[in-house]
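Read off the chains here:
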Amino acid sequence: MCGIIGYIGKQQALPILIDGLKKLEYRGYDSAGFAVHSGEGVVVKKAVGQVANLEKAILDSSFQILDSNIGIAHTRWATHGVPNEVNSHPHTDCKQRVFVAHNGIIENYKELKHYLQERGHTFTSATDTEVVAHLIEDFINQGDDFEKALKLALNMLRGAYAFAIIDAENSAVLYAAKCQSPLVIGLGQQEHFLASDPSALITHTKNAVYLNDFEMAKISAGEITIENIRREPTDTKVVTLEWNLEQAQKGNYQHFMQKEIFEGPETVKLAFAGRLHEAGVKLGGLEQVKEKLETIKRVIICACGTSYYAGLVGEYLFEEIAGIPVETHFASEFRYRQEPFEPGTAAIFISQSGETADTLGALRKAKENGLLTLGIVNVVGSTIARETDAGVYNHAGPEIGVASTKAFLSQITVLALMAEYLAKVKRPGLLEELRNIPGKIGAILARASEIEKLAEKYLYHKNFIFLGRRYNYPTALEGALKLKEISYLHAEGYGAGELKHGPIAMIGKEFPTIALVPGNGVLEKMYSNLEEIKARSGPILAIATEGDQHISAIASDVFYIPATLEPLEPLLTVVPLQLLAYYIGAKLGYNVDKPRNLAKSVTVE
Ligand code: M6R
């Protein structure tokens, strides 16, 4: 939700800011803008839509690449106020001294706005962010210096924020502040960078410092000072960014989503690399809580979106492999429910970004209730990774496509490893088969053109139902989510057994079913459910195991996948679903990497 970038140093700021915005664009693309110090004061430019429009606006206005070494920029996912130029960031105060780029939501902005209006401030936008510029101005009007005014203002805010701020009267300092929304400072030689996430920094530096909540940074070219606005101790660590530039680029692929689907085999390998040993699974990140884990009686999994569906697969994995009862919750629901917790409960938080506000809120609730908290997170150093007691990183590399694909594979791989790690009696053959999975995903991807043809056939339909049972029930939910988020077609996922309890009413020749029918213990039940659909003229595209001769008599189309153990099936069955969604979305002409209304990292509630 919104990307912010800042630069101070010896280079021209504007090209760095624009390049950073492009890398962060997946966080929001309703509008973009920047503010840079130039010889003539602070220059601001904004444009509605994607960063390309901002670039075009720069060219169209014969705007010079200014001689500027300090600036901030923002790409917006609209929360308060429609996506127009006025509501674009950076926002400023009455005297145009304070310039603010913001990611998050200021929850008490209405009362602050009212207070400031009473004190004579004039607002131009409908955003929550603008109050921050005026609030800082108000303290300056009362005689405080900029830094103190900023600190006082921050202490009055409720909600979530990551700020990049510049002062028109000081071109040697960039300010940053964070509460709930992510912010990372990249460290260079006599230069510093500021970004919502490391993907915008890796072109410039491998060394970074993540700000913690309630921390504020004063950044000059040669120095950074970080302080806690509540006067609590700060915890500043320099981390090495793992990602490389190539991982964050599209290469020869048309879209990041396509590239990330094709990274599936490598993603699974990276998730188990160094973790499979003769004696079983080793998870270094869990060693410090190993003894506690040995006494665990119950597990709660919390996550959102695709990570939630991975969590649902985790429920089956933990219960069947480790024999531990599990409940998986939407993080947004878990956060506000009131349930009794028993000693011996561990809570697992799954998040690709490690910054999802709902998941973070659920994590904080679990901590308040004394639960052991574990993370399955992709972005190293992200807030959820830092705030959990222990955890396992995905090591999947950057996921740029807004529709999550490789993260799902990685999360399930890690969940399978954790289930085996916790199991008192190991599941025969599971780890050996896990080693075979990358090759089997590769074999599916080698036949992507078959899915492309199926996409051409099915894209004329407006409604879809995705069905599966057991491990493939969450996979069906994920398949439906993929299709709806990038093709804007209506798709629902169901447990196949539930069909007859209502959804079958929708079935007819215009309502296709995408059925996950691998050769497992519920295969015959799936056949029966599909016969019921066939009897009602519903077209069926089945994802089935190689060698299944019976399915072709029921389904209109079949895509065959290699056989595997049932607990690992989602790692194979989801791949054709990801491809199907990708090809349908792309063939319908949509920007599959940046679907409308969505943002990659959802840092607001
Ligand atoms: O970064 P997270 O894994 O916490 O993100 C959770 C969801 O917002 C995310 O999976 C979202 O549902 C994706 N758009 C799904 O493709």
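Bear in mind the structure is a predicted one, so any value in this text is a computation, not a measurement.

**Considerations on the sheet that holds strand E8 (residues 170-179)**
Pairing between the strands of a sheet comes from backbone hydrogen bonds, and it takes one of two forms, parallel or antiparallel. Overall, antiparallel pairing links the six strands, which are arranged E5-E6-E7-E8-E12-E13 in an open sheet. Edge positions in the sheet fall to strand E5 (91-92) and strand E13 (224-228), since each of these pairs with one other strand and no more. Its contacts with the sheet place helix H4 (residues 130-141) against E5, strand E6 (98-106) and strand E7 (159-167), and it is angled at close to 130° to E6.

**What about the side chain of glutamate 569?**
For glutamate 569, the location among the structural elements is in helix H19 (residues 569-587). For the buried residue glutamate 569, which engages in no salt bridge, the nearest side chain bearing the opposite charge is arginine 470, 7.3 Å off. Discounting chain neighbours no more than four positions away, the residues touching glutamate 569 are Asn472, Pro518, Gly519, Asn520 and Thr564.

**As for the nonpolar core**
Counting 90 residues, the largest nonpolar core has Leu317, Phe318 and Met418 as its most contacted members. Both domain 2 (250-443) and domain 3 (447-592) contribute no fewer than three residues apiece to this core. Every residue in contact with leucine 317, bar those within four places of it in the chain, is listed here: Ala322, Ile412, Leu415, Ala416, Ala419, Tyr471 and Pro567. Counting residues in hydrophobic clusters, the runner-up holds 31 residues, among them Ile5, Ala47, Ala200 and Val379.

**Here's the deal with the domain arrangement of the protein chain**
Domain parsing of the protein chain yields domain 1 (3-241), domain 2 (250-443) and domain 3 (447-592). Its C-alpha centre places domain 1 at a distance of 33 Å from the equivalent point of domain 2. On the side of domain 2, 13 residues touch domain 1, which itself brings 10 residues to the contact. The largest contributions to the domain 1 side of the interface with domain 2 come from Tyr26, Gln180 and Tyr210, which together make up 51% of the buried area. Here aspartate 213 makes a salt bridge to arginine 364, at a shortest N to O gap of 2.8 Å. At the junction of domain 1 and domain 2, the tally comes to three residue pairs in polar contact (both at pLDDT 80 or more). Considered class by class, the residues forming the side of domain 1 that touches domain 2 number six nonpolar, two polar and two charged.

**Quick word on H4**
Spanning 12 residues, H4 covers 17 Å between terminal C-alpha atoms, matching the ideal 16 Å at 1.5 Å per step. Across the 12 residues that make up H4, a large majority, 11, are buried. Those residues of H4 lying buried are Glu130, Val131, Val132, Ala133, His134, Leu135, Ile136, Glu137, Asp138, Phe139 and Ile140. Where H4 is buried, its residues meet E5, E6, helix H3 (109-118), helix H5 (146-154) and E7.

Rules of the game
- Residues numbered from 1 in each chain as written.
- Predicted model: local features only at pLDDT ≥ 70, side-chain atom pairs only at ≥ 80, totals over all residues.
- Heavy atoms only, no water.
- Pairing = 2+ DSSP bridges.
- Helix = DSSP H or I, 4+ residues; strand = E, 2+ residues; numbered from the N terminus.
- Contact = heavy atoms within 4.5 Å.
- Axes fitted to C-alpha atoms, helices over the stretch in contact; angles between N-to-C directions.
- Buried < 20%, exposed > 50% of the residue type's maximum accessible area, 1.4 Å probe, protein only.
- Lys, Arg positive; Asp, Glu negative; His and termini not counted.
- Salt bridge = Lys/Arg side-chain N within 4 Å of Asp/Glu carboxyl O.
- Core = buried A, V, L, I, M, F, W, Y, C linked by side-chain atoms within 4.5 Å.
- Domains from an automatic or database assignment.
- Buried area = accessible area lost by both parts, 1.4 Å probe.
- Polar contact = N/O pair within 3.5 Å; in protein donor to acceptor, adjacent residues only side chain to side chain.
- Nonpolar A, V, L, I, M, F, W, Y, C, P; charged D, E, K, R; others polar.
- Expected span 1.5 Å × (residues − 1).

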